Amino acid sequence: MSDSLRESQESPDEGDIHEMHDPIAREFERPEDGYQPIPLTLIFLFFALVGWGGWYLGAYSGDWRVDVFYPGDRATAAAEAQKESSGGTSPEELATLGKRVYAQCAACHQQNGKGVAGNFPPLDGTEWVTGPPQTLIRILLHGLEGPIQVAGNEYNAQMPAWGGQLSDRQIAAVLTYIRSAWSNQAGPVKPAQVESLRKESADRSASWTASELKSLESGQ
Amino acid sequence: MGDSETDLERDAQSRKAIDASARLPVVFMMASGVFWLLFGTVLAFIASFKLHSPWFLADQAWLTFGRVRPAHLNTMIYGWASMTGIGVLLWLQARLSRVRVPLRKSLIAVGVVWNFAVLAGTVAILAGGSTSVEWLEFPPWVAAILGALFVVVMAASVLTFVRRNVEHVYVSQWYLFGAVFWFPFLYIAGNLVIHGTGASGVAEATANWWYAHNVLGIWFTPIGLAAAYYFIPKVIGRPIHSYYLSLLGFWTLALFYNWAGTHHLIGGPIPLWVQTVGIVASMMMFIPVITVAINHHMTMVGHFDKLEYSPTLRFIVFGAMSYTLVSVQGSLTALRVVNETTHFTHYTIAHAHLGMYAFVTMVLFGSMYYILPRLTGREWSSGPLIRAHFWTTGLGMVLYWVGLTIGGWIQGQMLKNPDIAFIEIVQTTLPYLWSRSFAAALMSVGHFIFAYLVGRMLYEWATDRGKDRLPPMLGGDQ
């Protein structure tokens, strides 16, 4: 739009067409776009900023874990895991640690160990929990699938494997805990037992089935 | 451009027709907005005064801080800023699309019901029925009504756009369309997730700040920026500096803003990465902010003298500069080193007002100074009063921000030191809280002046008076 045009839009001489004090007539045209290029330095600056963002995201991701809350917490979490993997092995110490580890089982087997009818078998008063420790250790290390008879009911689902996430001491601890919690009164499990069974089944990747475990038991 | 005289004539005629169609719904929205502005101002003043003088109005349960303060927030957000914002949005879209405002009767009905909904929600809060979820204190049934009304506004906006008579879609349209699509979704989703069973505990807090931050980010900000992008070039009569910068600014805002909300939870019991995502997104906001700032500034260059006579330009430029300032401050505040001092202090309150007031509210004032004379065919009645409105609100805001930012920073430093008794910290903040009330008084004066100006204009319009007054701040287009 030429400058003279702008003038005339603003000029009071237009009064014969519009009432000159009518604000609508006094306006400039609708706003338009200019097409100046984006300065190159700005583009570089923005790329640098995005680069920083990527670095920061990686550096403060907390390994994308849900249980790391502040920077440096990762070290705390690692130290915690270290402490849980090495430390006292008395039944009392194991039971205390086991109660904490059990938080990870409670989602399925429930805090009271009664499970969820039809889906997750109970741990309270079952022959599996109070039976031979080897069977229990195997279940924990590699998981369990297929039909299983627990406390008179049949279940058929998938119990995840824990061997990859829990250390020998943590597995011994949680088993010691569930064997003595609620109405259970079976003896403790030792980290050394877990260690030797872990070695023995090192090349196994499939979950156990109840019948496999039963035949192993009768073989021993 | 040969036939310029008749072109101009035709343009002015089409503007007239559009404005005639916008008249009732837009004036109704804006007048309601001004009512809620006054209402919210009174609540704000009571809340502010209680912070340094706790005895003030302390014997009535409904006047306690815990009720007055959320009532203030909600009337300002859903009453003043949303209603006025919708008025600005409808007018801008009609003007930019060159079509009449559609669904006029429904929109007026929306305005009427909206007022009752905000009133009911506010009464509920004052009566003790707040949901205690920040920015969503209205009871869920009020939220359901507002959600439905938002959908009607959205429909009107889509219809306007679909019927448009222009080929080139100007940048303000993108922002308005963004606001109108993002916000109803945000509002409905936020309410469902938070008041429903979707999120509880830590997840609810995360959803809460996702919502609250986005109310500003993808509702008021796009409306404010759309207005700035429209009125700056419109008033000075010059094209916007760069279409490419407009593009970059819009899309990076769309990409990053939505992620930034979790910076409100830094140091809280939410996973580190969720906080980090919020921090990074906040820092990335530098991109749209710098882009928009350059675009606006380069458009203004050489025209700053027009601030003298155009109230629209004054308020809008103040708002646009505040947008840059509040965004830069926000990005930096998201950094952990800053946040560990400022979190849980008055600093945050100052920051929030820099956004909602210095940016959004000032832009809305500026827009109304332009739009209302066109809708009523009346000029503003007094230049000195417009100036008084500008200086009381402008200076009040500056004082508010400076006082609480400094006071909040000191408060944060003291809070980090476990050897300092809590009461000592409270006492240290007292002078800053007084400066806040003083600033509130200044801004309140401005609001009453503005309400008088609007009221007088509407009165003259209703009684068919004041037609041949000249523009109050002489010098050209306003």
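Below is a short write-up of the structure. (Residues numbered from 1 in each chain as written. Chains lettered and ligands numbered in written order. Predicted model: local features only at pLDDT ≥ 70, side-chain atom pairs only at ≥ 80, totals over all residues. Heavy atoms only, no water.)

## Quick notes on the pairing of strand β2 (residues 153–159) of chain A
Next up, step 1: Bridge count between strand β1 (residues 144–150) of chain A and β2 of chain A: 7 bridges; the pairing is antiparallel. Residue L144 of chain A lies in a different strand from β2 of chain A, and its bridge partner there is M159 of chain A. (Pairing = 2+ DSSP bridges. Helix = DSSP H or I, 4+ residues; strand = E, 2+ residues; numbered from the N terminus.)

## Description of the side chain of H303 of chain B
Residues and elements named next belong to chain B.
Next up, step 1: On the secondary structure map, H303 appears in the loop between α9 (286–300) and α10 (311–333).
Next up, step 2: Looking at H303, the relative accessible area reads 17%, which means it is buried.
Next up, step 3: At 2.9 Å, the side chain of H303 forms a polar contact with the side chain of K306.
Next up, step 4: Not counting residues up to four positions away in its chain, the partners in contact with H303 are I236 and R238. (Buried < 20%, exposed > 50% of the residue type's maximum accessible area, 1.4 Å probe, protein only. Polar contact = N/O pair within 3.5 Å; in protein donor to acceptor, adjacent residues only side chain to side chain. Contact = heavy atoms within 4.5 Å.)

## Some details on α10 of chain B
Next up, step 1: For α10 of chain B, which comprises 23 residues, the first-to-last C-alpha distance of 32 Å matches the rise-based estimate of 33 Å (1.5 Å per residue) to within 8%.
Next up, step 2: Among the 23 residues of α10 of chain B, 18 are classified as buried, and the element is accordingly described as predominantly covered. (Expected span 1.5 Å × (residues − 1).)

## Overview of the packing of helix α2 (residues 65–97) of chain B against helix α6 (residues 202–236) of chain B
In a pair of packed helices, the angle between the axes and the distance between the axes together describe the arrangement.
Residue and element names in this part refer to chain B.
Next up, step 1: Close contact between α2 and α6 brings their axes to 11 Å; oriented N to C, the two are set at 40°. The angle between α2 and α6 falls in the class oblique. The two elements α2 and α6 cross, and the hand of that crossing is left-handed. Contact residues: α2 offers I77, Y78, A81, S82, G85, I86, V88, L89, W91, L92, R95 and L96, while α6 offers Y211, V215, W219, F220, I223, A226, A227, Y230, F231 and K234.
Next up, step 2: Looking at the contact of α2 with α6, its residues break down into 18 nonpolar, 2 polar and 2 charged. (Axes fitted to C-alpha atoms, helices over the stretch in contact; angles between N-to-C directions. Parallel < 35°, antiparallel > 145°, perpendicular 65-115°, else oblique. Left-handed = near helix turned anticlockwise from the far one by under 90°. Nonpolar A, V, L, I, M, F, W, Y, C, P; charged D, E, K, R; others polar.)

## A few points about the pattern of salt bridges
Next up, step 1: For the structure on display, the rule yields 15 salt bridges over all chains.
Next up, step 2: A salt bridge links R198 of chain A to D168 of chain A, with the nearest nitrogen and oxygen atoms 2.6 Å apart. One end of the pair, R198 of chain A, is in helix α9 (residues 191–200); the other, D168 of chain A, is in helix α8 (residues 168–180), and 30 residues separate them in sequence.
Next up, step 3: As a salt-bridge pair, R456 of chain B and E460 of chain B come within 3.3 Å of each other at their nearest N and O atoms. One end of the pair, R456 of chain B, and the other, E460 of chain B, are both in helix α14 (residues 422–462), 4 residues apart, so they sit about a helical turn from each other.
Next up, step 4: Residue class for R456 of chain B comes out partly exposed when judged on its relative accessible area of 33%.
Next up, step 5: For E460 of chain B, a relative accessible area of 6% puts it in the buried group.
Next up, step 6: In this structure, a network of salt bridges that share partners links the residues E27 of chain A together with R15, D19, R95, K234 and R374 of chain B. (Salt bridge = Lys/Arg side-chain N within 4 Å of Asp/Glu carboxyl O.)

## Examining the interface of chain B and chain A
Next up, step 1: Taken together, the contact between chain B and chain A spans 66 residues of the former and 45 residues of the latter.
Next up, step 2: At the boundary of chain B with chain A, total buried surface from both sides reaches about 4,900 Å², with 64% on carbon and sulfur atoms.
Next up, step 3: Looking at the side of chain B facing chain A, the largest losses of area belong to L8, L272 and W273 of chain B, adding up to 12% of the total buried there.
Next up, step 4: At the junction of chain B with chain A, the criterion picks out 4 salt bridges.
Next up, step 5: Here K234 of chain B ties to E27 of chain A by a salt bridge, and the two come within 2.8 Å at their closest N and O atoms.
Next up, step 6: Of all the elements in the fold, those that place two or more residues in the side of chain B that touches chain A are α1 (4–52), α2, α6, α7 (243–256), α8 (272–284), α9 and α12 (346–376) of chain B. (Buried area = accessible area lost by both parts, 1.4 Å probe.)

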